[in-house]
Amino acid sequence: MDYKLNINMAWFFPQTTMLWLWVLAFLHCCVYVICDCSLGVRYGCQCTTQTAVTCLRPNFTTIPEDIVDTKTQIQELRIKNADIQKLSVFPKRYSSLLVLRVQNSKVTAIEKGAFKNLPSLRTLDLCGNKLDTLSFGAFQGLEKLSSILDLSQNLINVLHGDNFSNLKALRVLNISCNRLTGFLGSPFQHLESLETLDVRSNNITRGIGKISLKGLYQLETFHFSDNEALYVSRNAFTDSNSTIKEVYLQGNMIQTLYATTLPWKQLHRIDLRQNPWKCDCRLRWVKGQQGILDNNSRDFTCASPVSLAGLEIASISAEKFFCRRAVPSHNESVAVGITIAVILLLLLLSCMVFINRDKLACCKRIRQTRYSRANRSRESQMAISYNEHRPDDENAFLS
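Bear in mind the structure is a predicted one, so any value in this text is a computation, not a measurement.

**Some details on the overall build of the chain**
Of regular secondary structure, the chain possesses five helices and 15 strands. Taken over 399 residues, the chain has a buried fraction of 36%. For the chain, contacts bridging at least 24 residues in sequence account for 55% of all contacts bridging at least 6. As displayed, the chain offers around 23600 Å² of accessible surface, 56% of which is attributable to carbon and sulfur atoms.

This is the structure in structure tokens:
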């Protein structure tokens, strides 16, 4: 009996010891991270969780390498109300970051390859800064950025096709509240995984062209409100026609839309309010789309013609959406009449020339004959005159 007990105890104590060692090691690691984060934070920053650091009004102008102790691996870094101005290349110390927020920190430029040492980054928030352009290669190394890129509330005035060439995994792009005046070419063509595009509250007066949204094959939500845009091309959503679900176009200067621009019955939400709609035959198709009318029960009104101005589109019968035949003004009528008269006169002259072509050819031959005779007569007279006035010695010699 004692022998069996000794054997069991000999097995039990080593196993128990190993279990306690694992527990102590786990607790040591946890306590070490918490203590390291809370005691090792510098520059006025704070640990908000075990792996997240927030720096409000920090006293640095570049991202330092030692915000936290070098042994701590943080996954989220938030910097707000700093005076950084230019984002240089981040130290490799922060290679474990998943979320980076540099907000309201007066950033005016991003150095090429600034984020190349952050290969695990999923979210990048640069809202509320003073960026006016995006340099080539600014987002180099962010192939895994998949959650969101927030560039809202900056001063960006132009986008180029290569600005987002590295971000093939990105799902959400927010570039609202900037100073964009239009889309040059196809600036989003490399964002093949993008699901949400927010460009509201810019100055895009030119509208949405046929290649503006080219390459957005996964686009589901498009925010384009408050831009004062004049038009939306009938081919604007060609590449996203099978995926688009929500479109927000309110607060622009759009007067008409084409029935083929969007898959209207597929949309879950469409906002067309607060636009100066021209309620004529080109917009009559809207009356057959109950989903559009249900989604825009208010502020979806006609701006013209005068007879329908201010009326809710949902309350107007389809028969009133017609196009009046244009009546030309007096000056236009005079100009058209003069043009027609000139064309008729030219045609008449051409016909007369064609009909009398034989007579004209005969007259030409007569003139040529008369000209030849006149030349021969002139030459004969010149020869006679020369012979009469020739010197005597020359006449003698010739005789």
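That covers the picture; the talk isn't over yet.
**Observations regarding the state of the cysteines**
Within the structure shown, the criterion is met by three disulfides. Each disulfide pairs two cysteine sulfurs, and for Cys-45 the partner residue is Cys-55, the sulfurs being separated by 2.0 Å. Between Cys-45 and Cys-55, the S-S dihedral sits near 110 degrees, and the bridge is therefore right-handed. Within this pair, whereas Cys-45 is found in strand E1 (residues 45-49), its partner Cys-55 is found in strand E2 (residues 52-56), the two being separated by 10 residues in sequence. Residue classification places Cys-45 among the buried positions, given a relative accessible area of 9%. Disulfide pairing places Cys-281 opposite Cys-323 at an S-S distance of 1.8 Å. On the S-S bond that ties Cys-281 to Cys-323, the torsion sits near -85 degrees, and the link is left-handed. Within this pair, whereas Cys-281 is found in the loop between strand E14 (277-278) and helix H2 (290-295), its partner Cys-323 is found in the loop between strand E15 (302-304) and helix H3 (330-355), the two being separated by 42 residues in sequence. A relative accessible area of 37% places Cys-323 in the partly exposed class.

**A look at the side chain of Ser-233**
In this fold, Ser-233 is placed in the loop between strand E11 (221-223) and strand E12 (246-248). What Ser-233 contacts, discounting residues up to four positions off in sequence, is Ile-208, Gly-209, Lys-210 and Thr-261.

**Points about the nonpolar core**
Counting residues in hydrophobic clusters, the biggest one holds 83 residues, and the most contacted among them are Phe-115, Phe-139, Leu-151, Phe-164 and Phe-222. Setting aside residues no more than four positions away along its own chain, Phe-164 makes contact with Leu-134, Phe-139, Leu-149, Leu-151, Leu-159, Leu-173, Pro-187, Phe-188, His-190 and Leu-191.

**A word on the pattern of salt bridges**
Within the structure shown, the criterion is met by six salt bridges. In this structure, Glu-76 engages Arg-101 in a salt bridge whose closest nitrogen and oxygen atoms are separated by 3.9 Å. Placement of Glu-76 in strand E3 (residues 76-80) and of Arg-101 in strand E5 (residues 99-103) is noted, with a sequence separation of 25 residues between them. By relative accessible area, Glu-76 is classed as partly exposed at 28%. Residue Arg-101 is classed as partly exposed on the basis of its relative accessible area of 26%. With its nearest N and O atoms 3.0 Å apart, the salt bridge here joins Asp-280 to Arg-282. Asp-280 sits in the buried class, given a relative accessible area of 7%.

**Quick look at the packing of aromatic side chains**
Enumeration according to the criterion identifies 10 aromatic pairs in this entry. Consider the rings of Phe-115 and Phe-139, whose centres lie 6.4 Å apart with planes at 5 degrees: the pair is stacked. Here Phe-139 lies in the loop between strand E7 (123-125) and strand E8 (148-150) and Phe-115 lies in the loop between strand E6 (109-110) and E7, a separation of 24 residues in the sequence. Exposure remark for Phe-115: the relative accessible area of 0% places this residue in the buried category. Accessibility expressed as a relative area gives 2% for Phe-139, which makes it buried.

**Let's talk about the confidence of the model for the chain**
Predicted coordinates in areas of low pLDDT are best not read in detail. Predicted confidence across the chain gives a mean pLDDT of 85, with 78% of residues reaching 70 or more. Low pLDDT (under 50) marks residues 1-13, which in the prediction has one contact with non-local residues, meaning those over four places away or in another chain. Segment residues 394-399: pLDDT under 50, and three contacts once partners within four positions in sequence are set aside and those in other chains are kept.

**Some remarks on unusual backbone geometry**
Cis peptide bonds are those with omega within 30 degrees of zero, and the linkage from Ser-304 to Pro-305 qualifies with 0 degrees. Note that Pro-305 resides in the loop between E15 and H3. Of note in this structure, Arg-57 is not a glycine but carries a positive phi near 55 degrees. Structurally, the position occupied by Arg-57 is in the loop between E2 and E3. Since its relative accessible area comes to 65%, Arg-57 is described here as exposed. At Lys-106, a residue that is not glycine, the phi angle is positive and equals roughly 60 degrees. Relative to the assigned elements, Lys-106 resides in the loop between E5 and E6.

Thresholds, definitions, all that
- Residues numbered from 1 in each chain as written.
- Predicted model: local features only at pLDDT ≥ 70, side-chain atom pairs only at ≥ 80, totals over all residues.
- Heavy atoms only, no water.
- Helix = DSSP H or I, 4+ residues; strand = E, 2+ residues; numbered from the N terminus.
- Buried < 20%, exposed > 50% of the residue type's maximum accessible area, 1.4 Å probe, protein only.
- Contact = heavy atoms within 4.5 Å.
- Areas by Shrake-Rupley, 256 points an atom, 1.4 Å probe, with all protein chains shown as cover.
- Disulfide = S-S within 2.5 Å.
- Core = buried A, V, L, I, M, F, W, Y, C linked by side-chain atoms within 4.5 Å.
- Salt bridge = Lys/Arg side-chain N within 4 Å of Asp/Glu carboxyl O.
- Phe/Tyr/Trp six-rings, centres within 6.5 Å; stacked < 30°, edge-to-face > 60°.
- pLDDT = per-residue confidence, 0-100.

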